[in-house]
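Examination of the molecular architecture
What follows is each chain in one-letter form.
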Amino acid sequence: MMDLFAIHRRRLCDPTELAEVDRRSQAELDRRSDEVRKIRSYVLDDEDGTVGTICLYEATGTDAIHAHARAADLPVTTIDRISTIDVHRPDPATLTS
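Note that the structure is a prediction, hence the values are computed from the model and not measured. Along each chain, residues carry numbers from 1 onward, in the same order as the chain's sequence is written. Where local features are concerned, this predicted model is filtered to residues with pLDDT of at least 70; where side-chain atom pairs are given and counted, the filter is 80 or more; whole-chain, interface and lining totals use all residues. The side-chain quantities take in all heavy atoms of the structure and omit both hydrogens and water.

A few words on the sheet that holds strand S3 (residues 51-59). Strand order in the open sheet formed by 4 strands is S2-S3-S1-S4, and the pairing between neighbours is antiparallel. The sheet terminates laterally at strand S2 (36-45) and strand S4 (78-82), the two strands that pair on one side only. Each adjacent strand pair in this sheet contributes to an overall mean axis angle of 20°, direction not counted. Working rule for contacts: check all heavy atoms of both residues, and any pair within 4.5 Å makes them a contact. To obtain an axis, a line is fitted to C-alpha atoms, over the contacting stretch when the element is a helix, and the angle between two such axes runs from 0 to 180 degrees between their N-to-C directions. Only runs of H or I of at least four residues qualify as helices and only runs of E of at least two qualify as strands under DSSP, and these elements are numbered from the N terminus. In this fold helix H1 (residues 18-31) packs onto strand S1 (3-13), S2 and S3, with an angle of close to 165° to the strand it touches most, S2. Those strands touched by helix H2 (residues 62-72) are S1, S2, S3 and S4, and its axis lies near 30° from that of S1. Here the rule is simple: two strands pair whenever DSSP picks up at least two bridges between them.

In structure tokens:
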């Protein structure tokens, strides 16, 4: 069984490196699909000029998320288990790709 988690990554990388970071992450997700799956990511502008993310993952637990992060060389600022989703409206189309 998988639970839903929010993973916050502060100062993840320089904006120009985001595609490479995503490639590393996806390669590890492909290897671990029975333990961890990414639902979506929100890219954040950090104050120091880097970007961070808040990602929604399904995972068997925080150990699986940490293992994915270590293997993909990603920071983890916080991990929170999501207990309920309260959608007021869908994500704005102007922000989705």
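Resuming the write-up.
The term nonpolar core refers to a set of buried residues drawn from Ala, Val, Leu, Ile, Met, Phe, Trp, Tyr and Cys, joined through side-chain atoms within 4.5 Å. Only protein chains enter the calculation, and the probe is 1.4 Å; a residue is then buried if its accessible area is under 20% of its type maximum, exposed if over 50%, and partly exposed in between. Judged by nonpolar contacts, Phe5, Ile7, Leu29, Val36, Cys55, Tyr57, Ala59, Ile65 and Ile79 together constitute the single largest core of 9 residues. Those elements giving two or more residues to this core turn out to be S1 and S3. Of all the elements, S3 adds the most residues to this core, at 3 residues.

Right, let's get into H2. Since there are 3.6 residues in each turn of an α-helix, residues three or four apart along the chain are aligned in direction. Restricting attention to buried positions, one finds in H2 the residues Ala64, Ile65, Ala67, His68, Ala69 and Ala72. Where H2 is buried, its residues touch S1, H1, S2, S3 and S4.

What follows concerns unusual backbone geometry. Its identity is not glycine, yet arginine 11 carries a phi of approximately 45°, on the positive side. In this fold, arginine 11 is placed in strand S1.

Looking at the secondary structure, you find arginine 37 in strand S2. Of the residues examined, arginine 37 reaches a relative accessible area of 39% and is grouped as partly exposed. Residues arginine 37 and proline 15, 22 residues apart in the sequence, show an inter-C-alpha distance of 23 Å. Leave out the neighbours within four places in its chain, and arginine 37 touches Met2, Leu29, Leu56, Tyr57 and Glu58. Any N or O atom pair separated by 3.5 Å or less is treated as a polar contact, with the protein-specific requirement of one donor-capable and one acceptor-capable atom, and with residues adjacent in sequence counted only for side-chain atom pairs. In this structure the side chain of arginine 37 is engaged in a polar contact, spanning 3.1 Å, whose partner is the backbone oxygen of serine 33.

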